[in-house]
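Structural overview
Residues per chain are reported as follows:
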Amino acid sequence: MAKLKDLIRPEDITTCDSTQQMIHKARKDGVELFFDRAENMRPCPIGNESACCKHCSMGPCRLNTKDPYSRVGICGATIDTIVARNFGRMVAAGTAAHTDHGMAMLDLFRGVIDGTVKDFEIKDPVKLREVAESLDIETEGRPLKEVAMDLYKALELTYTQVEGEIPLVKRVPKKTLETWRQEGIVPRGAMREIMEMMHRTAMGVDQDYENLTKQISRTALADGWGGSMVSTDISDILFGTPSPVEVEVDMGVLKEDFVNIIVHGHEPILLEAMIVSAGAPSLKRMATDAGAKGINLVGMCCSGLDVLSRHGIPHAGNFSSTEAVLVSGAVDAMTVDIQCIKQDLLRVSECYDTMFITTNYRAKIEGAMHIEMNEHSPLDCTDEIIIKAISRYKNRSKTIQIPKRTAKGIHGFSHEYIKYMLGGSFRSGYEPLNDNIINGRIRGAAGVVGCTNPRSKQDFSHVELVKELIKNDVLVVQTGCSQMALAKAGLTTPGAAAMAGPGLAEVCETVGIPPVLGLGACVDNSRILMILAEMVKTGGLGEAIADLPVAGCAPEWMSEKAIAIGQYFVASGVFTVFGHTFPITKGTRFERHLFEELEGKGFGKWGFASDPIEMARQMIAHIDKKRQQLGIDKVRERVLVDMADRRAL
Ligand code: XCC
Ligand code: SF4
């Protein structure tokens, strides 16, 4: 490692105070973190703009990013073909991740229905019947198991259907669906779409960036309205639909005198099973016999967000903090399943004698302890993890330094709950939201989501962007690592309404909600799609999602999954801004297609900005444009004048 004084200052790496403290400690301990590698490894300038193709062994072919039309690949592939193909493969990979995760949830659901999985049950039969009815499955007077089996079969089509539209497109607003039909991009099963995407991006197949874009959208839609939505619905049915709960977050949730276990990854089953194991009297006794006060279960990344919304389990931080938290020395075990698991977590764990355990057959790490989770007997795995953690607790030998910071906030806003909360139990619905947008108190809504990235100061853009949006009366909904950035910054409390503009603040204070609503993990971006669909259905704000005064943003994204999500929002009609980098060569026709032309066809479009205030400006400008098109731009001016008058009085 470089000399301490030559290293970039932790304050410049992250705005997360706990993570800063851990970077300081890691440096003292001589432990390298991914922040240090990001500093020492410049991104490849050609790859950064996606101007390289390695789809066959005539290449790899590198084009000139400064003058993208000056040459073509050996096969003749133009820059537009190359960037579009690369982009398409990112969408295919992201979609595969979400749909494979959703498929695992369906496997579990099937096991619960046919009785082979005994440790879980259907926790939310109301949602099961609602989802079934939304797919025209008969529920009247039928036993739950029977309805569940029919639902399972319908949802399986989301993946396997060879021909025809996937069942969940029934939820898409009519006019939006019309646009997709015109373009021929209503998804069939996700397996088919991903397969076709991979095929069409292979050497010598689809070499027309506009035609490729159609399949890119179709694949992404198979994620948003398919795999991700199934994943969310089944998780709710099996583990309960979230409703608001107060949760403590940040690294201060670790407790020195407890056995600390962190669960990191994406499938809710691991942490759900951990909760059961950690509650077992025999294991609790084993922990106290070892001298601990108890077992402290803590989540990170999306796994953490899933159970935080359902059970109020504390959350230690987002993607950029998963190595840093180990540096505290207080983590007795970190256990992981799939996605966003840095391989180097193993080495950092070893530096602090933390038990690092992989649990999923699809995601092993060379050299790491693997205790496989079998859905038919999940507790065998989680009991053993707890026993391992207790043994590490007994033999703790490293100095422990836990950052003291915690923040409390309200999380767990499902789209069902938002409906209920706004309308009350007698008249639940989205009318109050639409009304407040139409009357101008709320200017519009924004989804701020996605990862953190060591190439972008951790949490900074998320927090600054959201502050700017709420200040301008834009209601914010959140998922993923972004939600944790705002939670740590204290913006998920009702008190944060004080930072909102007068109109939004008034609505938040009346309903008693924060101006920033956390909806859960990244697959739960499907909840945002449902909110958008409800807003259209409720009326008064246009006929398609593309008509709504809304926008989306992933300011510090890093994963291919984020690109898939961005594309399904764009294809659904949402203006979507990405921050700090975009995997495309500037000045190409493909860029113009994504950033301008798609909008003219009735879709949303992509945007890009590096600075959070600029991101907010673009999003608000779009929201205002939509308000104008809807003819509701004038009311807002009146409302704000009223408000100022009232305040003056
Ligand atoms: Fe991963 Fe889902 Fe990104 Fe966070 S936000 S870094 S994808 S954990 Ni999903
Ligand atoms: Fe080069 Fe064409 Fe092969 Fe890509 S597919 S590596 S552009 S020859």
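Attention here is on the structure that accompanies the text. (Residues numbered from 1 in each chain as written. Chains lettered and ligands numbered in written order. Predicted model: local features only at pLDDT ≥ 70, side-chain atom pairs only at ≥ 80, totals over all residues. Heavy atoms only, no water.)

What to know about the packing of helix α11 (residues 268–278) against helix α13 (residues 301–311)
Relative to each other, α11 and α13 sit at 50°, their axes nearing to 8 Å. With respect to each other, α11 and α13 are oriented oblique. The handedness of the crossing between α11 and α13 comes out as right-handed. Residues P268, L271, E272 and I275 of α11 touch α13, and the partners they reach there are S303, G304, D306, V307, R310 and H311. Tallied by class, residues from the contact of α11 with α13 come to 4 nonpolar, 3 polar and 3 charged. (Axes fitted to C-alpha atoms, helices over the stretch in contact; angles between N-to-C directions. Helix = DSSP H or I, 4+ residues; strand = E, 2+ residues; numbered from the N terminus. Parallel < 35°, antiparallel > 145°, perpendicular 65-115°, else oblique. Left-handed = near helix turned anticlockwise from the far one by under 90°. Contact = heavy atoms within 4.5 Å. Nonpolar A, V, L, I, M, F, W, Y, C, P; charged D, E, K, R; others polar.)

Points about the site of ligand 1
Taken together, the neighbourhood of ligand 1 is formed by H266, C301, C302, F319, C340, G450, C451, C481, C522, M558, S559 and K561. Residues that form the shell around ligand 1 fall into these classes: 8 nonpolar, 3 polar and 1 charged. (Near = heavy atom within 4 Å.)

Things to note about the sheet that holds strand β6 (residues 333–336)
Strand order in the open sheet formed by 5 strands is β5-β4-β6-β7-β8, with parallel pairing between adjacent strands. Sheet topology places β5 (295–300) and β8 (369–370) at the edges, where each strand pairs with a single neighbour. Pairing of strand β4 (residues 259–264) with β6, which is carried by 4 bridges, proceeds in the parallel orientation. Bridging from a neighbouring strand, I262 pairs with M334 of β6. Strand contacts of α13: β4 and β5, with the helix running at about 115° to β5, the strand carrying the most contacts. (Pairing = 2+ DSSP bridges.)

As for the coordination of the nickel atom of ligand 1
Exactly one protein atom donates to the nickel atom of ligand 1; that atom is C522 (SG), 2.0 Å from the metal. Along the chain, C522 turns up in the loop between β12 (516–518) and α21 (525–538). (Donors = N, O, S within 2.8 Å, 3.2 Å for Na, K, Ca; no water.)

A short note on the sheet that holds strand β15 (residues 606–609)
With parallel pairing, the 6 strands of this open sheet are ordered in space as β12-β11-β10-β13-β14-β15. Since the sheet does not close on itself, it has two edges, and those belong to β12 and β15, each with one partner. Looking at each pair of strands side by side, their axes are set apart by 25° on average, direction ignored. Note: strand β10 (residues 444–448) against strand β13 (residues 550–554), 4 bridges, orientation parallel. Bridge pairing links V448 to C553 in β13. In this fold helix α19 (residues 480–488) packs onto β10, β11 (474–478) and β12, with an angle of close to 120° to the strand it touches most, β11. Set on the sheet, helix α22 (residues 560–572) makes contact with β14 (575–579) and β15; between it and β14 the angle comes to about 155°.

Thoughts on the pattern of salt bridges
Counting across every chain of the model gives 50 salt bridges. In this structure, the salt-bridge partner of R362 is D100, at a minimum N-O distance of 3.0 Å. In this pair, R362 sits in the loop between β7 (355–358) and β8 while D100 sits in helix α5 (residues 79–114), placing the two residues 262 residues apart along the sequence. You can call R362 partly exposed: its relative accessible area is 29%. (Salt bridge = Lys/Arg side-chain N within 4 Å of Asp/Glu carboxyl O. Buried < 20%, exposed > 50% of the residue type's maximum accessible area, 1.4 Å probe, protein only.)

Focus on the pairing of β13
In terms of residue burial, β13 counts as a mostly covered element, since 5 of its 5 residues are buried. The side-chain alternation of β13 yields two buried faces, one formed by V550, G552 and A554 and the other by A551 and C553. Pairing analysis gives 4 bridges linking β13 to β14, with the strands arranged parallel. Within β14, the residue paired with G552 across the bridge is T576.

Comments concerning the nonpolar core
Membership of the largest hydrophobic core comes to 169 residues, with the highest contact counts inside it found for F109, W180 and L469. Per element, the largest residue contribution to this core is 15 residues, and it comes from α5. Filtering out sequence-adjacent residues up to four positions away, L469 remains in contact with A446, V448, V474, V476, A616, M619 and I620. Grouped together as the second largest cluster of nonpolar side chains are 35 residues, V31, V253, A330 and Y352 included. (Core = buried A, V, L, I, M, F, W, Y, C linked by side-chain atoms within 4.5 Å.)

Brief notes about the state of the cysteines
Taken as a whole and assessed by the stated rule, the structure comprises 0 disulfides. The thiol sulfur of C508 is not disulfide-bonded, and the nearest other cysteine sulfur, from C553, lies at 20 Å. C508 sits in the buried class, given a relative accessible area of 2%. (Disulfide = S-S within 2.5 Å.)

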